[in-house]
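Residues per chain are reported as follows:
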Amino acid sequence: ELSSGINAEYGIALDYLADKKSGNTSGVILFANTDRTYSAELFEKVRDIKKVAIWPTVFAKEQFTCDPLKFNLRLPKYPINLGSVGFNSTALLSTGKRLDVMKSDTEGMSSLVEALVKDKSEIKVISCEGEYVWYTPIF
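1. Observations concerning the nonpolar core
Stage number 1. If you look at the biggest cluster of nonpolar residues, it comprises 24 residues, and the most contacted ones within it are F31, F87, V113 and I123.
Stage number 2. Looking at this core, the elements that each hand over two or more residues are α1 (4–20), β3 (52–54), β6 (85–88), α4 (89–95) and α5 (105–116).
Stage number 3. Here this core gets four residues from one element, more than from any other, and that element is α5.
Stage number 4. With sequence-adjacent residues up to four places away left out, V113 is seen in contact with V52, Y78, I80, V85, F87 and I123.
Stage number 5. Judged by nonpolar contacts, the second largest core, of nine residues, contains V46, I49, I126 and Y132.

2. Section: the sheet that holds strand β7 (residues 123–125)
Stage number 1. Pairing is mixed across the open sheet formed by four strands, whose spatial order is β1-β6-β3-β7. Each edge of the open sheet carries a strand with a single partner, namely β1 (28–30) and β7. Across the sheet, the mean angle from the axis of one strand to that of its neighbour is 25 degrees, orientation sign disregarded.

3. Quick notes on the pattern of salt bridges
Stage number 1. In this structure the tally under the stated criterion is five salt bridges.
Stage number 2. Among the ionic pairs, R47 bridges to E44, the shortest N-O distance being 3.2 Å. With respect to class, R47 is no different from E44; both count as exposed.

4. Points about the confidence of the model for the protein chain
The predicted coordinates should not be examined in detail at positions where pLDDT is low.
Stage number 1. Per-residue pLDDT for the protein chain averages 84, and the proportion of residues at 70 or more is 89%.
Stage number 2. Of all secondary-structure elements in the protein chain, the lowest mean pLDDT belongs to helix α3 (residues 60–63), at 68, while β3 reaches the highest, 94.

5. Points about the packing of aromatic side chains
Stage number 1. All chains considered together, the criterion is met by five aromatic pairs.
Stage number 2. Plain terms: the ring middles of Y10 and F31 are 5.0 Å apart, the flat faces sit at 70 degrees to each other, and that makes the pair edge-to-face. With Y10 in helix α1 and F31 in the loop between β1 and β2 (36–38), this pair connects stretches of sequence that are 21 residues apart.
Stage number 3. Accessibility expressed as a relative area gives 9% for Y10, which makes it buried.
Stage number 4. Ring centres of F31 and F87 lie 5.9 Å apart, and the angle between their planes is 80 degrees; this geometry places the pair in the edge-to-face category. Of this pair, F31 sits in the loop between β1 and β2 while F87 sits in strand β6, and the two are 56 residues apart along the sequence. The same class applies to F31 and to F87, which are both buried.
Stage number 5. Pairwise contacts between aromatic rings join Y10, F31 and F87 into one cluster.

Criteria and cut-off values
Residues numbered from 1 in each chain as written. Predicted model: local features only at pLDDT ≥ 70, side-chain atom pairs only at ≥ 80, totals over all residues. Heavy atoms only, no water. Core = buried A, V, L, I, M, F, W, Y, C linked by side-chain atoms within 4.5 Å. Buried < 20%, exposed > 50% of the residue type's maximum accessible area, 1.4 Å probe, protein only. Helix = DSSP H or I, 4+ residues; strand = E, 2+ residues; numbered from the N terminus. Contact = heavy atoms within 4.5 Å. Pairing = 2+ DSSP bridges. Axes fitted to C-alpha atoms, helices over the stretch in contact; angles between N-to-C directions. Salt bridge = Lys/Arg side-chain N within 4 Å of Asp/Glu carboxyl O. pLDDT = per-residue confidence, 0-100. Phe/Tyr/Trp six-rings, centres within 6.5 Å; stacked < 30°, edge-to-face > 60°.

Spelled out as structure tokens, the structure:
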């Protein structure tokens, strides 16, 4: 299933941030959705992301395991759920990459990660214990 609408909105947001960053070189980009609840602990843990960081969510547990980091799906290269990844804002914005509106969220996240890391050793695993993001239906 393609999610071109939301990926296009994320692209607009990244363009806005790139245009308005004006000297602010530190920060973290999370692709938050209204159907998710994020723990305060997660925001503390992501403050020092150098490039990319991941953490578990209900769906991410099917996509990767830790110790050592191993992705469970063959494709895309980095099958990471939208709610399971954060980016250093300066690193991501400097790539000029945006979410492809013709790809799924997972494929889009994979292409953003690929733009930032040479291999999975550069991906920071925040933790594989506990959960930091919950899916909370809004209807």
